[in-house]
Amino acid sequence: MKDAFGIPQSLLILGGTSEIALATARRLVTRRTRTVWLAGRPSPALDKAAAGLRDIGADVRTVAFDALDAESHEEALGKVFTEGDIDMVLLAFGVLGDQAHDEGDPMAAVRVAQTNYTGAVSAGLVCARALQSQGHGSLVVLSSVAGERARRSNFIYGSSKAGLDAFAQGLGDALHGTGVHVMVVRPGFVRSKMTAGMAEAPMATTPDAVAVAIETGLRRRSETVWVPGALRVVMAGLRHVPRPLFRRLPV
Ligand SMILES: NC(=O)c1ccc[n+]([C@@H]2O[C@H](COP(=O)([O-])OP(=O)(O)OC[C@H]3O[C@@H](n4cnc5c(N)ncnc54)[C@H](OP(=O)(O)O)[C@@H]3O)[C@@H](O)[C@H]2O)c1
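Note that the structure is a prediction, hence the values are computed from the model and not measured.

Broken down by element type, the protein carries 9 helices and 7 strands. Relative to the 2.2 N^0.38 estimate, which gives 18 Å for 251 residues, the radius of gyration of the protein is 17 Å and therefore close to what a compact globule would have. Referenced to the eigenvectors of the C-alpha coordinate spread, the extents of the protein come out at roughly 55 × 35 × 35 Å. Contacts in the protein between residues at least 24 apart in sequence constitute 72% of all its contacts with a sequence separation of at least 6. Split by element, the accessible area of the protein, about 11,900 Å² in all, is 55% carbon and sulfur.

Turning our eyes to something else, we now look at the site of the ligand. Taken together, 28 residues surround the ligand, and among them T17, S18, Y157, V190 and S192 come closest. Here A67 contributes a backbone N or O atom positioned 2.8 Å from a nitrogen atom of the ligand. Measuring from an oxygen atom of the ligand, one finds a backbone N or O atom of F93 at 3.0 Å. Put simply, the parts of the chain that give the shell around the ligand at least two residues each are α1 (19-31) and α6 (155-175). In terms of residue class, the shell around the ligand is built from 13 nonpolar, 10 polar and 5 charged.

Before going further, it helps to examine the sheet that holds strand β2 (residues 35-40). If you walk across this open sheet you meet the 7 strands as β3-β2-β1-β4-β5-β6-β7, and the pairing is parallel. Strands at the two margins of the open sheet, each flanked by one partner only, are β3 (59-64) and β7 (224-227). Neighbour-to-neighbour, the strand axes of this sheet turn through a mean angle of 15°, independent of strand direction. Bridge analysis of β2 against β3 gives 6 bridges, and the strand direction is parallel. Each bridged residue has a counterpart across the sheet, and for V36 the counterpart in β3 is V60.

What follows covers the packing of α1 against helix α7 (residues 207-220). Relative orientation of the contacting elements α1 and α7 amounts to 55°, with a least axis distance of 8 Å. Viewed along their axes, α1 and α7 adopt a mutual orientation that is oblique. At the point where α1 passes α7, the crossing takes the right-handed sense. On the side of α1, the interface is formed by E19, I20, A23, T24, R26, R27, L28 and R31, while α7 contributes P207, D208, V210, A211, V212, I214, E215, L218 and R219. Of the residues that constitute the contact of α1 with α7, the class distribution is 9 nonpolar, 1 polar and 7 charged.

Let's shift gears to helix α2 (residues 44-55). With 12 residues, α2 extends 16 Å from end C-alpha to end C-alpha; this agrees with the ideal 16 Å at 1.5 Å per step. Among the residues making up α2, those that are buried are L46, A49, A50 and L53. The buried residues of α2 occupy an angular sector of 95° when projected down its axis, which confines them to one face. Seen from the open side of α2, the exposed residues pointing more than 90 degrees away from its buried face are P44, K48 and D55. In this structure, the buried residues of α2 make contact with α1, β2 and β3.

Attention now goes to the packing of helix α5 (residues 106-134) against α6. In contact at an axis separation of 8 Å, α5 and α6 are set at 15° when each is read in the N-to-C sense. Taken as axis vectors, α5 and α6 run roughly parallel relative to one another. Of the two possible hands of crossing, α5 and α6 adopt the one that is right-handed. In this structure, α5 uses A109, V112, A113, N116, Y117, A120, V121, G124, L125, A128 and Q132 to contact α6, whose residues at the interface are I156, Y157, S160, G163, L164, F167, L171 and L175.

What follows is about the environment of S222. Relative to the assigned elements, S222 resides in the loop between α7 and β7. Classification of S222 by relative accessible area gives buried; the value is 16%. Sequence spacing of S222 and V184 is 38 residues, and the spatial spacing of their C-alpha atoms is 8.5 Å.

Right, let's talk about unusual backbone geometry for a bit. Omega for the peptide link from V227 to P228 comes to -5°, which places this bond in the cis form. Its place among the elements puts P228 in the loop between β7 and α8 (231-238). Although it is not a glycine, M203 adopts a positive phi angle of roughly 65°. Relative to the assigned elements, M203 resides in the loop between β6 (180-187) and α7. Look at R221: it is not a glycine, yet its phi comes out positive at around 55°. You can see R221 is positioned in the loop between α7 and β7. The exposure class of R221 is partly exposed, given its relative accessible area of 43%.

Conventions used here
Residues numbered from 1 in each chain as written. Predicted model: local features only at pLDDT ≥ 70, side-chain atom pairs only at ≥ 80, totals over all residues. Heavy atoms only, no water. Helix = DSSP H or I, 4+ residues; strand = E, 2+ residues; numbered from the N terminus. Rg over C-alpha atoms; globule rule 2.2 N^0.38 Å. Contact = heavy atoms within 4.5 Å. Areas by Shrake-Rupley, 256 points an atom, 1.4 Å probe, with all protein chains shown as cover. Near = heavy atom within 4 Å. Polar contact = N/O pair within 3.5 Å; in protein donor to acceptor, adjacent residues only side chain to side chain. Nonpolar A, V, L, I, M, F, W, Y, C, P; charged D, E, K, R; others polar. Pairing = 2+ DSSP bridges. Axes fitted to C-alpha atoms, helices over the stretch in contact; angles between N-to-C directions. Parallel < 35°, antiparallel > 145°, perpendicular 65-115°, else oblique. Left-handed = near helix turned anticlockwise from the far one by under 90°. Expected span 1.5 Å × (residues − 1). Buried < 20%, exposed > 50% of the residue type's maximum accessible area, 1.4 Å probe, protein only. Arc of directions from axis to C-beta.

Set out below in C-alpha cells:
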C-alpha cells in the first residue's frame, strides 16, 4: 500500500530501461518503495537496470514485455499482479522514431504509433483493470509536450503522444472514484538516451527532475504534471498561435 504521503511500496515499470523511469525508481526506493518490477524487452540493459536497483536495496524482478506485442500483455502483466499488489504502474516505454526517415517509410512510422499509442492502450487497460480489482494504486503515464500540438519537425511522434495523452485522460476519468489514480506527466525535452545527440530545446530538463515532479505529483495526487512546471503556461499560449504563424516558429 502507499503510505500517507502517496509513496508506493511496490512499483511496476513498463519500459524497464527507461532513464526517466529508472531515475524515478531510484528516488522512490530511497523513500519507501521496496518491490520493483521491470517489464521490458529482455536485454543486458534490462539486467543492468535491475542490478542497479538491487544495489540500493530494492527487491527487483523482471518480466518480458514488448509494447508491440499487444496480444501478450494480458498474460505478461497479469502475472505480475498475481504475485502481489502493485501500488504504482509507471508507463514509460516509447520511441522517438526518426521523423525525416519515417515520413518516407510508412511502416517505420506505424511502429512508432503502435509502440507509443496502441501498445499503451492495451498495456494501460490491462494494468487499469488489475489496479481497479485491487481497489487502489496509481497509473503514471509518461506523455509529452510533443502531444500538445503537432509540430512539423516531429508530428509522427507528437501524434502518437497526443493519442496516448487523450487515452490516459479518459482512463483517469473512467477510474475516478474507484480508488485508482491516473497521472499524466508531460515533460519537455529531457536529456536521456532518447534525445542523445539532438540539439537541446529550450527549457530542457533531466530524468532526475522528472522523478522529483512525479514524486510531488503522487504526494498531491495530481492528474497532470508538466516538467518543468512553467511549460504549462508556455504551452497554453503556443496552443492558440495561428497555424500560419506556428508553422514559422523554430519549434
Ligand atoms: N527524453 C525526452 O525528451 C522525453 C520527453 C517527453 C516524454 N518522454 C517520454 O518518456 C518515456 C521515457 O523516455 P526516456 O527519456 O526515459 O527514454 P529511454 O531511456 O530511451 O527509454 C525508452 C524505453 O522504452 C522502451 N521501449 C521502446 N520500445 C519498446 C517496446 N516495443 N516494448 C517495450 N519497451 C520498449 C525502451 O526499452 P529497450 O531498452 O528495450 O529499448 C526503454 O525502456 C517515453 O515514453 C518518452 O516518449 C521522453
